[in-house]
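Below, each chain spelled out in residue letters.
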Protein chains: 2
Amino acid sequence: MGLAERKEREKNELRELILMKAREIIIREGQNKLSIRKIAAEIEYSPATIYLYFQDKDEILYQMMQKGFELMATSMEDIYHESSPTKRIFLIGKAYIRFGVENQDWYELMFNAVSPMNHIERCKSEWGPGIAIFEYLVSTCSEAISENKLTTLDARILALQLWSTVHGLVCLANTLRLTIVDANCEQGKECDLLDKTLENSMLSLFNYIV
Amino acid sequence: MGLAERKEREKNELRELILMKAREIIIREGQNKLSIRKIAAEIEYSPATIYLYFQDKDEILYQMMQKGFELMATSMEDIYHESSPTKRIFLIGKAYIRFGVENQDWYELMFNAVSPMNHIERCKSEWGPGIAIFEYLVSTCSEAISENKLTTLDARILALQLWSTVHGLVCLANTLRLTIVDANCEQGKECDLLDKTLENSMLSLFNYIV
DNA sequence: AAAAATAATAAACAGTGTTTATTTTGTCAA
DNA sequence: TTGACAAAATAAACACTGTTTATTATTTTT
């Protein structure tokens, strides 16, 4: 008697519909324009209904964050083909920055927003995809370190250095701080400064061996 | 006839009172709890009155940002005594991170918030104190480069590398991303990872000469 | 003292997230 | 098929938010 299953399926379908619409709104109007009431209006349910499927707005944002990680993962797929770990790190950095400036709302959600993290407090150690990306970077750093015989370097610290650099760059760019420091670097468009700084960071981090 | 002056003074006094209360609220309850109505209640005026002294909330946030820069500047005062530019850069980095994690709300306003920047759009090139700090870093980098005879380095790029790294670290720490990646690094308290990464960055950025 | 200018406000508008009590809908046994 | 029960959906309210407008109170000037 597939009744319970059907019920379950229907519940999941509405859950997915809510997330889908939320995604559409974020893409169309930006993250800060997303509201429970707007989702409700678009799926033609009352706002209260959404609370039968999600604990609160934070949980929706948390789910959106997960979707963002999926997006990022697919945008980085072709990098894995690169065999040289050093070059791979460079490509990861470039792709990371690219994703960050081209998907500002997702990026904000994934790496800057605190409200979806409030939700994590409850279901501890659930920032899975985020950790996965970082751990991938760590192991790539390990490979690169042994390839370049830079035994003095700690892979974890190196990974964090890289992450901080690109994260810092993306944040500064997205919040218009680079525009101010360097007028040539306008929001949205490809910015030399970003690439140049990343390149320099790579060079110095690998002790000018690259 | 000091009437116009008195009027002007009174107007400025209320302006300052508004900013003072806003500051108190931010310190007491955090930036996202700051509201026009709360300020109004605390200064015992109606919310509408505030709009006679400030265009909108963004302008208040912008003014708060300026206060934040003053705060940061005073917290960095003793660094100027250091004569070695290389050491000075390191001290700036440490002080920057320290300020960032200890004054999260100010930091958010100064280096991450977009809404006060909306206000900048109107009164272009007004992120003065922010630029000042960056330019100070650039010139310190220049000194350090010539001191260490690293003529291949561009002072501006180097400054941006440094800024990105510390900014990235502060952001990751403040938004709980470091907590997740490294369980030993809890919010608020001094975190080894921050210092270690900064140290490593300094080492690599200066080509292991330091 | 009357007129003009300035300052302050009450009330409304259009939003926000969330909760509670109520109503509608669907399921299942008698 | 009908009545009982459970599940799903909602209307309405609560407590907020930023901002505007028309009105009232105060102060200055004539």
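The structure under discussion appears in the preceding block.
So, a few notes on the structure that sits alongside this text.

Things to note about the pattern of salt bridges
Per the counting criterion, the structure on display carries 20 salt bridges over all chains. For A:R15, the salt bridge goes to A:E59, with nearest N and O atoms at 3.8 Å. Here A:R15 is found in helix 1 (residues 3–29), whereas its partner A:E59 is found in helix 4 (residues 57–75), with 44 residues between them in sequence. The salt bridge partner of B:E135 is B:R156, with a shortest N-O separation of 3.1 Å. Here B:E135, found in helix 8 (residues 128–147), pairs with B:R156, found in helix 9 (residues 155–174); they are 21 residues apart in sequence, far enough to count as distant. Given the relative accessible area of 32%, B:R156 is considered partly exposed. Members of the salt-bridge network, linked through shared partners, are A:R28, A:E29, A:K38 and A:E42.

A few points about the interface of chain A and chain B
Counting residues at the interface gives 41 residues for chain A, matched by 41 residues for chain B. A combined buried area of about 3,600 Å² lies between chain A and chain B, and 67% of that area is made up of carbon and sulfur atoms. By the criterion of area lost to chain B, the three top residues of chain A are A:R177, A:I180 and A:V181, representing 18% of everything that side buries. The interface formed by chain A and chain B includes 0 salt bridges. Elements with a minimum of two residues in the side of chain A that touches chain B: helix 6 (104–112), helix 7 (115–122), helix 8 (128–147), helix 9 (155–174), helix 10 (177–181) and helix 11 (192–205) of chain A. Residue composition of the side of chain A that touches chain B, by class: 25 nonpolar, 13 polar and 3 charged.

With respect to the environment of B:I60
Along the chain, B:I60 turns up in helix 4 (residues 57–75). Sequence spacing of B:I60 and B:L19 is 41 residues, and the spatial spacing of their C-alpha atoms is 7.0 Å.

Details of the protein's contact with DNA strand D
Within the structure, DNA strand D sits among 18 residues, and A:T49, A:Y53, B:R6, B:R37 and B:Y51 are positioned closest to it. The share of sugar and phosphate among atoms of DNA strand D within 4 Å of the protein is 57%. A distance of 2.3 Å separates a base nitrogen of DNA strand D from a polar atom in the side chain of B:R37. Elements with a contribution of two residues or more to the surface near DNA strand D: helix 3 (47–50) of chain A together with helix 1 (3–29) and helix 2 (36–43) of chain B. Per-element tally for the surface near DNA strand D: the top contributor is helix 1 of chain B, with 3 residues. Looking at the surface near DNA strand D residue by residue, the classes come out as 9 nonpolar, 3 polar and 6 charged.

So, the side chain of B:S164
The topology assignment puts B:S164 in helix 9. Residue classification places B:S164 among the buried positions, given a relative accessible area of 0%. In this structure B:S164 touches A:S164, A:T165, A:G168, A:L169 and A:L172, once residues within four positions along its chain are discounted.

Considering the relation of the copies chain A and chain B
Between the two copies, chain A and chain B, the superposition gives an RMSD of 0.0 Å; the rotation angle is 180 degrees and the shift along the axis is 0.0 Å. In symmetry terms, the pair is related by a two-fold rotation axis. Same-surface contact between copies: 100% of interface residues of chain A are shared with the interface of chain B.

Re the protein's contact with DNA strand C
Neighbouring residues of DNA strand C: 18 residues in total, closest A:R6, A:R37, A:Y51, B:T49 and B:Y53. Counting only atoms of DNA strand C within 4 Å of the protein, the fraction found in sugar and phosphate groups is 58%. Measuring from a phosphate oxygen of DNA strand C, one finds a backbone N or O atom of A:K57 at 2.9 Å. Residue assignment for the surface near DNA strand C shows that the elements contributing at least two residues are helix 1 and helix 2 (36–43) of chain A together with helix 3 (47–50) of chain B. For the surface near DNA strand C, the class distribution of residues is 9 nonpolar, 3 polar and 6 charged.

What counts, and at which threshold
- Residues numbered from 1 in each chain as written.
- Chains lettered and ligands numbered in written order.
- Predicted model: local features only at pLDDT ≥ 70, side-chain atom pairs only at ≥ 80, totals over all residues.
- Heavy atoms only, no water.
- Salt bridge = Lys/Arg side-chain N within 4 Å of Asp/Glu carboxyl O.
- Helix = DSSP H or I, 4+ residues; strand = E, 2+ residues; numbered from the N terminus.
- Buried < 20%, exposed > 50% of the residue type's maximum accessible area, 1.4 Å probe, protein only.
- Contact = heavy atoms within 4.5 Å.
- Buried area = accessible area lost by both parts, 1.4 Å probe.
- Nonpolar A, V, L, I, M, F, W, Y, C, P; charged D, E, K, R; others polar.
- Near = heavy atom within 4 Å.
- Polar contact = N/O pair within 3.5 Å; in protein donor to acceptor, adjacent residues only side chain to side chain.
- Least-squares fit on C-alpha atoms with pLDDT ≥ 70 in both.

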